[in-house]
Amino acid sequence: MILTVTPNPCVDKTVFIDRLTVGAFIRSGKCTCIPGGKGANVSRAVKALGRPTKAMAIVGGHPGRHVVDMIEQQDGVKCIPAWVESQTRTITTVLEEPVHRQTAFFEPGSRVTSAEYAAIVAKFQEAVAGAHVVTFNGTVCDKSIKNLYRDLIPIAKQAGATTILDSHGPEFALGLESVPYMVKPNVAETEEVFGYSLETDHAKWQAIAQFHAGGIELVALSLGERGAFVSRGNERFHVVPPKIAEVNPVGSGDAFVAAFAIGLLENMSLRDMAMLGCAAGAANAMNWDIGHFTKEEVETLMPKVEVRSFNMNSGKGF
């Protein structure tokens, strides 16, 4: 089973309109609502790919209850809520359909007291039982708990689970101290951690080597439309996604993480994991709602993923 952890979920609402005019009263003929947050996205993608998953989330108030209900009723995923008094945020995206332009409004995340934090850790200790892979996803809802991943990763490892960290900022840097099995940062997040520019591919591979030197066994450096550099042991690949008609790229990185979680769950080769991840990310980008792709879409895209082996000694693919 794959357990996902979302410290900062949301009610993710999209309002579809023709044109956004500041100061006007605008009526919409369409509105969608899904449970948001990177871990929820990962669980939704795992479920879409037909594998078992549970989603743990820090939630509060009526919006938090709505998130839990949507995860369980819309997504068909078992949710493990860690309740706090402060309410869960809502993110409202306004999409101007004719020009496909998005404007998003982000509410602040929940506040967490020290007593609630202790309860969150205790809830995780219960939730991780039976999990084979645990993904830690996104930023925390309250910067006072920025050490969350650093505290939870050792608990997951002690329970025998393989750990994946996909975050940024202080919580990512602190989480690295507990040495997760895999990380999936993008270029900007890696630059933030290491403090130097990654303009060249050589610099990107050097940063990957630095993650490995810190004990991280599997590194997937996201390159956006260029795909990802993936490295474990003596294997290094550049996976390139196929050309698609992009609708919404948001959440494609989470679909990528979901595929790697499945690969680790099922002992896939690194090459197969990378191909599945790239195909899942592309399939996600072909649909508006995050994680609402099909297994058949992913299977169709997989043979179109390009995999380039990389030779660290020559600095070139071959």
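None of these values were measured; they are calculated from a predicted model.

(A) Geometry of unusual backbone geometry. With a phi angle near 50 degrees, H100 is a residue other than glycine that sits in the positive phi range. Looking at the secondary structure, you find H100 in the loop between β6 (89-96) and β7 (101-106). If you check the backbone angles, V179 has positive phi at about 55 degrees while not being a glycine. Looking at the secondary structure, you find V179 in the loop between α5 (170-176) and β10 (182-183).

(B) Local environment of the sheet that holds strand β3 (residues 30-36). Strand order in the open sheet formed by four strands is β3-β2-β6-β7, with mixed pairing between adjacent strands. Since the sheet does not close on itself, it has two edges, and those belong to β3 and β7, each with one partner. For this sheet the average axis-to-axis angle between neighbouring strands, irrespective of direction, equals 20 degrees. The pairing of β6 with β7 spans six bridges and is antiparallel. Bridge pairing in β7 places L95 opposite Q102. This element, helix α2 (residues 61-73), spans β2 (10-17) and β3 of the sheet and lies at about 90 degrees to β3.

(C) Molecular detail of the nonpolar core. In terms of nonpolar packing, the biggest core is built from 45 residues, with L3, F124, V134 and F136 touching the most fellow members. In terms of residue count, the dominant contributor to this core is helix α4 (residues 148-158) (six residues). Once residues within four sequence positions are removed from consideration, F136 is found in contact with V5, F124, Y149, L152, I153, A156, T163, I164, L165 and D166. Listed in part, the 38 residues of the second largest apolar core include V230, V257, A274 and A282.

(D) Fine view of the pairing of strand β4 (residues 53-60). Taken across its eight residues, β4 has seven buried, putting it largely inside the fold. As paired elements, strand β1 (residues 2-6) and β4 share five bridges and run parallel to each other. In the strand pairing of β4, L3 is matched with K54. In this view, the connection linking β4 to its parallel neighbour strand β5 (residues 78-84) by way of α2 has right-handed handedness.

Conventions used here
Residues numbered from 1 in each chain as written. Predicted model: local features only at pLDDT ≥ 70, side-chain atom pairs only at ≥ 80, totals over all residues. Heavy atoms only, no water. Helix = DSSP H or I, 4+ residues; strand = E, 2+ residues; numbered from the N terminus. Pairing = 2+ DSSP bridges. Axes fitted to C-alpha atoms, helices over the stretch in contact; angles between N-to-C directions. Contact = heavy atoms within 4.5 Å. Core = buried A, V, L, I, M, F, W, Y, C linked by side-chain atoms within 4.5 Å. Buried < 20%, exposed > 50% of the residue type's maximum accessible area, 1.4 Å probe, protein only. Right-handed = clockwise from strand over helix to strand, strands pointing away.

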